[in-house]
Amino acid sequence: DAKTTQPPSMDCAEGRAANLPCNHSTISGNEYVYWYRQIHSQGPQYIIHGLKNNETNEMASLIITEDRKSSTLILPHATLRDTAVYYCIVRASLGAGSYQLTFGKGTKLSVIP
Amino acid sequence: DGGITQSPKYLFRKEGQNVTLSCEQNLNHDAMYWYRQDPGQGLRLIYYSQIVNDFQKGDIAEGYSVSREKKESFPLTVTSAQKNPTAFYLCASKPRWLGNQPQHFGDGTRLSIL
């Protein structure tokens, strides 16, 4: 299963776009990339996922490179409430439509007033 | 609102005691999961269940037990055999057959030793 590499921390000014990178150079052709975030002492919150096309929802955009070896999560207008640890995950299949999520250490995003 | 409810939020265990963590979901999801998170660490899978009356061990099942008698409920028992139970426990669920759909998490139970 593919591993991911993320910077340990990033800062972003409030109101600006936050661009969080992730490398997953060993990803295989049918593996999805998932992004979650976790605010201290809460459960992880799902943000977005994708396979090879760029994706957008009400929370964020996900840009996946053409070779699928890296991706970027974009929060278009960061607010103080976006301060959290962000995890980029390539899942590990358990078979029959089920999988486990292997969270690394993620990127701690600090949104600064 | 649909979601996953974990209770209690905080739990204390005495030496030699078994404790049970509750996880209930009203999302009509077939698959449910229990993860453990230690400070500054990622998640590790304890048990998972893809359907009622069936469950499988994850990477760190020793010292834990589960049951899946109802679709909505997947309780986790931390037994006295688990020598280092202090951690943040997270329950998640997803539709079973939609393979790429995301898992959704509850808000966790923090377990400590007295």
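Because the structure is predicted, anything quoted here is derived from the model rather than measured.

(A) Spotlight on the overall build of chain A. Across its full length, chain A carries zero helices and 11 strands. Each helix (α) and strand (β) of chain A, taken in turn from the N terminus, gives the series β-β-β-β-β-β-β-β-β-β-β. Here the C-alpha radius of gyration of chain A, 14 Å, is about what a compact globule of 113 residues would show, namely 13 Å. Overall, chain A is about 45 × 30 × 25 Å in size when its C-alpha atoms are taken along their principal axes. Burial analysis of chain A (113 residues in total) assigns 44% to the buried set.

(B) How the structure looks around the nonpolar core. Membership of the largest hydrophobic core comes to 21 residues, with the highest contact counts inside it found for Trp35(A), Leu73(A), Tyr86(A) and Leu109(A). For this core, the secondary-structure elements that each account for two or more residues are β2 (18-23), β3 (33-38), β4 (45-50), β6 (61-64), β7 (70-75), β8 (84-90) and β11 (107-112) of chain A. Of the residues forming this core, the biggest block, four residues, is contributed by β8(A). Those residues in contact with Tyr86(A), other than ones at most four positions away along the chain, are Gln6(A), Leu20(A), Trp35(A), Tyr36(A), Arg37(A), Ile47(A), Leu73(A), Leu75(A), Gly106(A), Thr107(A) and Leu109(A). Grouped together as the second largest cluster of nonpolar side chains are 19 residues, Ile4(B), Leu11(B), Cys23(B) and Tyr47(B) included.

(C) View of the sheet that holds β3(A). Residue and element names in this part refer to chain A. In space, the five strands of this open sheet follow the order β1-β11-β8-β3-β4, with mixed pairing throughout. Of all the strands in the sheet, just β1 (9-13) and β4 have a single pairing partner and so form its edges. In this sheet, neighbouring strand axes are inclined to one another by 25° on average, regardless of whether the strands run parallel or antiparallel. Strand direction decides the pairing type here: β8 and β11, joined by three bridges, are antiparallel.

(D) Quick peek at the side chain of Asp82(A). Within the secondary structure, Asp82(A) is located in the loop between β7 and β8. A distance of 2.9 Å separates a polar atom in the side chain of Asp82(A) from the backbone nitrogen of Thr79(A).

(E) Looking closely at the sheet that holds β7(A). Residues and elements named next belong to chain A. Strand order in this open sheet of four strands is β2-β7-β6-β5, and the pairing throughout is antiparallel. Taken across any chain shown, the strands that pair with only one partner, and hence form the sheet edges, are β2 and β5 (55-56). Of the pairings in the sheet, the one linking β2 to β7 comprises six bridges and is antiparallel in character. Bridge pairing in β7 links Pro-21 to Thr-72.

(F) Spotlight on the interface of chain A and chain B. Taken together, the contacts link 23 residues of chain A with 27 residues of chain B. Taking both sides of the interface into account, the surface hidden between chain A and chain B amounts to around 1900 Å²; carbon and sulfur atoms contribute 49%. Our count for the contact surface shared by chain A and chain B stands at zero salt bridges. Joining chain A to chain B, the criterion identifies five residue pairs in polar contact (both at pLDDT 80 or more).

Definitions and cut-offs
Per chain, residue numbering runs from 1 following the sequence as it is written. To read the labels, note that chains go from A and ligands from 1, taken in the order they are written. Local features in a predicted model are, by the rule used here, given only for residues with pLDDT of at least 70; side-chain atom pairs are given and counted only at 80 or more, and totals for whole chains, interfaces and linings are based on all residues. As a convention, hydrogens and water are excluded, and side-chain values are obtained from all of the structure's heavy atoms. Secondary structure is summarised from DSSP: a helix means a run of H or I of at least four residues, a strand means a run of E of at least two, and numbering begins at the N terminus for each. For the radius of gyration, the atom set is restricted to C-alpha positions; the globular benchmark scales as 2.2 Å times the number of residues to the power 0.38. Think of it in three bands: residues with accessible area under 20% of the maximum for their type are buried, residues over 50% are exposed, and the middle band is partly exposed, with areas taken using a 1.4 Å probe on protein chains only. Nine residue types can take part in a nonpolar core, namely buried Ala, Val, Leu, Ile, Met, Phe, Trp, Tyr and Cys, and a core is a set of them joined through side-chain atoms within 4.5 Å. It only takes one pair of heavy atoms within 4.5 Å for two residues to be counted as in contact. In short, DSSP must find at least two bridges between two strands for them to pair. Every angle, taken between N-to-C directions, lies between 0 and 180 degrees, and every axis is a line fitted to C-alpha atoms, over only the stretch in contact when it is a helix. Polar contacts here mean pairs of N or O atoms no more than 3.5 Å apart (in protein, one a potential hydrogen donor and the other a potential acceptor; neighbouring residues in sequence count only if both atoms are side-chain atoms). The term buried area refers to how much accessible surface (probe radius 1.4 Å) is lost by two components on association, counted for both of them together. What makes a salt bridge here is a side-chain nitrogen of Lys or Arg within 4 Å of a carboxyl oxygen of Asp or Glu, nothing more.

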